[in-house]
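A closer look at the structure
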Amino acid sequence: MPSVGVKIYSVFFKLFLRHRLQSLAAAAAAGDLDNAAFGVSCRPDEATAPPNPAFSASADGVASKDLHIDPNSSLSVRIFLPTPPPPSPHAHLLSHAPSRRASDPTPTPPAPAAGAPYRGYLPHAVASPRAAASARRRLPIVVQFHGGGFVTGSNTATANDAFCRRVAKLCDAIVVAVGYRLAPESRYPAAFEDGVKVLKWIAKQANLAMMTKVRGGVDTFGASTVEPWIAAHGDPARCVLLGASCGANIADYVTRKVVEDGKPFDPVKVVAQVLMYPFFIGSVPTHSEIRLANSYFYDKSTCLLAWRLFLSEKEFNLDHPAANPLAPGRGGPPLKCMPPTLTVIAEHDWMRDRAIAYSEELRKVNVDSPVLDYKDTVHEFATLDVFLKTPQAQACAEDIAIWMKKYISLRGHEFSY
């Protein structure tokens, strides 16, 4: 069971959250919401962390910066870039080696100096400068969607910033944290559409980066709109979607859109998704929804209020496609076409049974979809600020990284690349 301190904190957390949601519901009913057309991606009372674009200034060696990517809405992203690896001792051989004919014997690469750290596999020192340029290591891209019941939370929140830094460090990947529009200013499908927009934006950055290279030089076409971190270091062909709580619903929706029609997202390839304690619900209560309805931090009645703020009055239905992934007639691509899906659940979370059921349906059609169940944990145990330093939160991030590297590794099913 959670500690006494967690239980006490949970009581005040639920009271404060319910008060926030009721205030937003009253403001929406009275039509007093500001920026309803433009939307908001962060509440004024949200504790946020500033971006840190310098590697040297961050204790974990992860740089970050914020970008507002849609002039017509509040949609934004925070990009996290881990410290680039030190240059390989063979890098000068790759850049200066003369071109070799097919008939020439294959030279033996020089042995590394005694005690030198392992730098990973490098092609033999016979590559042309063009091959050398392509040999530079690129990082996979993790697109992260924060939680908060579609109504609260932010991609720049202190806890979310710390979690994304942890993921970037453990996975050695670029993390793009999405600041989607919140309800009730922007109801369904605004948050889901923002997720699709961000993936298309990443695809656009990759395409512009390729278009700016003309005959070995750099053309100015599109140069002002290219995001340099993604263009220089990102590998869009190894993209993972990761969502926490309601962010898992968004990640699953975006994944389905990519599976349905991948052309608008080319060259982005979603190789896996991670659903952390997804915000699923349905009209027929599951065993956990009955037994744990009044569970810690996010009880069922408070979450129902969040759903009423997210879905319009006409659309409100607990079997809505945004709420229930297994609802009859949901549509979308067949489950057998979905990418590998890791599901994280908590022992004291009333939403756990529906997440397990979704994972089981994926396994029935031979999709790799394991479930990680953590004992003595609650909803958002790995992403709430009060839990970030707990052993369960740290173990969860490490377990996610180990599983994810099966699909983002350039070597295949290994834990490093």
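Residues numbered from 1 in each chain as written. Predicted model: local features only at pLDDT ≥ 70, side-chain atom pairs only at ≥ 80, totals over all residues. Heavy atoms only, no water.

In the annotation of an unreviewed UniProt entry, the entry for the protein reads Alpha/beta hydrolase fold-3 domain-containing protein, and the organism field reads Miscanthus lutarioriparius.

Remarks on helix α4 (residues 158-171)
Look at α4: 20 Å from first C-alpha to last across 14 residues, which is about the 20 Å you get at 1.5 Å a residue. Turning to α4, its buried residues number three or more, namely Ala159, Asn160, Asp161, Phe163, Cys164, Arg165, Val167, Ala168 and Cys171. Two residues or fewer past α4, Asp172 is found with a positive phi of approximately 50 degrees. (Helix = DSSP H or I, 4+ residues; strand = E, 2+ residues; numbered from the N terminus. Expected span 1.5 Å × (residues − 1). Buried < 20%, exposed > 50% of the residue type's maximum accessible area, 1.4 Å probe, protein only.)

Looking at the packing of aromatic side chains
Per the stated rule, a full pass over the model turns up 19 aromatic pairs. Ring centres 5.5 Å apart and planes at 75 degrees place the aromatic pair Tyr188 and Phe192 in the edge-to-face group. Overall, Phe192 belongs to the buried group, its relative accessible area being 1%. Centre to centre, the rings of Phe297 and Phe387 are 5.3 Å apart; their planes meet at 70 degrees, and the pair counts as edge-to-face. With Phe297 in the loop between α8 (287-291) and α9 (300-310) and Phe387 in the loop between β10 (371-374) and α11 (391-408), this pair connects stretches of sequence that are 90 residues apart. For Phe297, a relative accessible area of 1% puts it in the buried group. Residue classification places Phe387 among the buried residues on the basis of a relative accessible area of 8%. Through a chain of ring-to-ring contacts, the aromatic side chains of Phe150, Tyr188, Phe192, Tyr253, Phe279, Trp307 and Phe310 assemble into a single cluster. Its guanidinium or amino end placed over the ring of Trp229, Lys65 lies 4.3 Å from that ring's centre, counting from NZ or CZ. Over the ring of Phe265 we find Lys200, and its NZ or CZ is 5.7 Å from the ring centre. (Phe/Tyr/Trp six-rings, centres within 6.5 Å; stacked < 30°, edge-to-face > 60°. Lys NZ or Arg CZ within 6 Å of the ring centre and 35° of its normal.)

What to know about empty space enclosed by the protein
Summed over all chains, the structure comprises 2 cavities of 30 Å³ or more. Of the pockets and cavities examined, the largest cavity occupies roughly 60 Å³. As for the largest cavity, its lining consists of Leu17, Leu21, Gly148, Gly149, Thr152, Phe279, Tyr298, Thr302, Cys303 and Ala306. Among the elements that make up the lining of the largest cavity, the one with the highest residue count is α9 (3 residues). Partitioned by chemical class, the residues of the lining of the largest cavity number 6 nonpolar, 4 polar and no charged. One number sums up the size of the second largest cavity: a volume of about 30 Å³. Contributing to the lining of the second largest cavity are Asn249, Asp252, Phe280, Pro321, Ala322, Asn324, Pro325 and Arg330. (1 Å grid on protein atoms, 1.4 Å probe; cavity = no way out; pocket = protein on both sides within 12 Å on 5 of 7 lines; lining within 4 Å. Points joined across faces, edges and corners; volume = space filled by probe spheres on them. Nonpolar A, V, L, I, M, F, W, Y, C, P; charged D, E, K, R; others polar.)

Observations regarding the packing of helix α1 (residues 4-30) against α9
Axis separation between α1 and α9 bottoms out at 10 Å; the angle between their running directions is 25 degrees. Overall, the two elements α1 and α9 adopt an arrangement that is roughly parallel. For α1 against α9, the interelement crossing comes out left-handed. Across the interface between the two elements, Leu17, Arg18, Leu21, Gln22, Leu24 and Ala25 from α1 touch Ser301, Thr302, Leu305, Ala306 and Leu309 from α9. Of the residues contributing to the contact of α1 with α9, the split by class is 7 nonpolar, 3 polar and 1 charged. (Axes fitted to C-alpha atoms, helices over the stretch in contact; angles between N-to-C directions. Parallel < 35°, antiparallel > 145°, perpendicular 65-115°, else oblique. Left-handed = near helix turned anticlockwise from the far one by under 90°. Contact = heavy atoms within 4.5 Å.)

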